[in-house]
Amino acid sequence: MTTSNASLTPPEPNPPVDKGSSGSTNALADQPWRGVWRDILGGNVVRSIVAIILALIIGMLIAVFTNKDVQDTLGYFFSRPGDFFNAAGSLIGDAVRAMITGAVYSPTRGFQPFLSSLQWATPLVAAGLGLGVAFRAGLFNIGGQGQMLVGALFASYVGASWNLPPVLHLIVAILAAVLGGAMWAAIVGFLKAQTGAHEVILTIMFNWIAHWGITYLLKQPLFQSENAPGFAKGKAVQATAVMPELFNGFGLGFVLVLLAAVLYWWIMDRSTVGFKIRAVGINPNAAKTAGINVKTVTVVTMAISGAFIGLAAATQTLEVHPTGIEPTIHAGIGFDAITVALLGGNSPVGIILAALLFGLLKAGSVTMEIQAGIPRDIIPVIQGLIVLFVAAPRFLGFLPRPTGVKIRDRVAAGKVKS
């Protein structure tokens, strides 16, 4: 695992140069749309969709072959194969209906399940953006769990112990969470820049430090709830610092993470610091030769990454668990966000869609377990399979390799030709 790559995906051979039949590099000007289908079918969007479909198929096969009713039909499969397919089809149909009912629309609850899915997706979007920043710089920030815990502690303390006017109190509490996450991640960046220690080892160790450190702090009078003696539970956030519900269970948090996605796009694609982050991610040696201070960029990248993850902590603390945080408040979001960022290709739109997908799966898993009898534990298996297919491109080797020519270059060449 090297730090020179801009993603977790192992390096692919250089894409072929589209020289056309004449062998000239001016072939793009002569045939601007030559090979466009290779770019579409072998692009990140199609690869992500295929990875999701394959993961869902494998997940359903696991559920089918571990179901008792289906297993009973296997004993006489060759004499009456229809029974097997009927039982398997019935199970899959029940699972799909349960997922839709639990995650999208219910005849009795309307679109309330979809709002629950958005709530599940909210912290995943913010944390996914944070992981995306680090990946773009070639850094593997595995410390989302610790950064969420520190951000949650900051937000909990400000929300519970500070007395400020409404609106201002909420803003300060959110900023405190962002600051906490950024500080915790920046320490990792500083240690990596100054000592050369690998960020994966550092972030894993910092996860444990944060977990046990916050478990200890939540048992101290400064942070501990008066109603939970002996337990690691924070004080309840004051009403002035709780994120308001906009309508029917839809909170402010999702709006904030959408704004954060816009900010992510601006930072990465329009700002100088984003240019430096991308330059270091592509080739740190070349970036250093060009005058970029790689050490400073490493610290800044980790700080920005932690800041987005701190926003995820704010939504968990001030919207989902305003009655008091516990050491489990991270809910595995820091690790799930790795999947989200990978599946989303580190782009803001992709991360939002990936987070929404996992929000739908998480929201529908409970109904699927109750109505279809499929344990919700199958969802993490599906997530892991998606990461496997996305991070190991050879599993999708049947898809064509892109030409490497960007769409905007094709459009520009087409205009010149016309």
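The shown structure was predicted, so the numbers you read here are calculated from the model rather than taken from an experiment. (Residues numbered from 1 in each chain as written. Predicted model: local features only at pLDDT ≥ 70, side-chain atom pairs only at ≥ 80, totals over all residues. Heavy atoms only, no water.)

(A) Examining the pattern of salt bridges more closely. Under the criterion given, the structure shown has eight salt bridges. Put simply, K362 and D336 hold a salt bridge, and the shortest N to O gap is 3.1 Å. Taken together, the residues span a long stretch of sequence, with K362 in helix α15 (residues 348-371) and D336 in helix α14 (residues 333-343) at a distance of 26 residues. Relative accessible area serves as the criterion here: at 14%, D336 is assigned to the buried category. (Salt bridge = Lys/Arg side-chain N within 4 Å of Asp/Glu carboxyl O. Helix = DSSP H or I, 4+ residues; strand = E, 2+ residues; numbered from the N terminus. Buried < 20%, exposed > 50% of the residue type's maximum accessible area, 1.4 Å probe, protein only.)

(B) Molecular detail of the packing of helix α6 (residues 112-136) against α15. Look at α6 against α15: their axes get within 7 Å of each other, and the N-to-C directions meet at 135°. By the criterion of interaxial angle, the relationship of α6 to α15 is oblique. Remark: the crossing between α6 and α15 carries right-handed chirality. On α15, the residues touching F114, S116, S117, L118, W120, A121, L124, V125, G128 and L129 of α6 are P348, I351, I352, A355, L356, F358, G359, L360, K362 and A363. Partitioning the contact of α6 with α15 into residue classes produces 15 nonpolar, four polar and one charged. (Axes fitted to C-alpha atoms, helices over the stretch in contact; angles between N-to-C directions. Parallel < 35°, antiparallel > 145°, perpendicular 65-115°, else oblique. Left-handed = near helix turned anticlockwise from the far one by under 90°. Contact = heavy atoms within 4.5 Å. Nonpolar A, V, L, I, M, F, W, Y, C, P; charged D, E, K, R; others polar.)

(C) Local environment of α15. If you check α15, its first and last C-alpha atoms are 35 Å apart, about what 24 residues at 1.5 Å a residue would give, namely 34 Å. Positioned one or two residues after α15, G373 has a phi angle of 75°, which is positive. (Expected span 1.5 Å × (residues − 1).)

(D) Inspection of the UniProt feature "transmembrane region" (unreviewed entry) in the protein chain at higher detail. As recorded in UniProt, the sites labelled "transmembrane region" (unreviewed entry) are residues 45-64, 117-135, 147-164, 170-191, 200-218, 246-267 and 337-358. Strand forms 0% of residues 200-218 and helix 95%; the C-alpha atoms that close the span are 27 Å apart. (UniProt positions renumbered as here; feature names shortened; annotations may be inferred.)

(E) Unusual backbone geometry, seen in detail. For A331, which is not glycine, the phi dihedral falls at a positive 55°. Tracing the sequence through the fold places A331 in the loop between α13 (294-320) and α14. The exposure class of A331 is partly exposed, given its relative accessible area of 49%. At N346, a position not held by glycine, the phi torsion is positive, near 60°. Along the chain, N346 turns up in the loop between α14 and α15. On the basis of relative accessible area, N346 is assigned to the buried category, the value being 6%.

(F) Inspection of a nonpolar patch on the surface at higher detail. A grouping of V45, I49, I53, I57, L61, F65 and L74 is seen on the molecular surface, where their side chains present a nonpolar patch of about 630 Å² in accessible area. Here the element with the most residues in the nonpolar patch is helix α3 (residues 44-65); it accounts for six residues. One can find L74 in helix α4 (residues 68-74). (Patch = residues over 30% accessible without salt bridge, like charges linked within 9 Å, V, L, I, M, F, W, Y side chains within 5 Å. Areas by Shrake-Rupley, 256 points an atom, 1.4 Å probe, with all protein chains shown as cover.)

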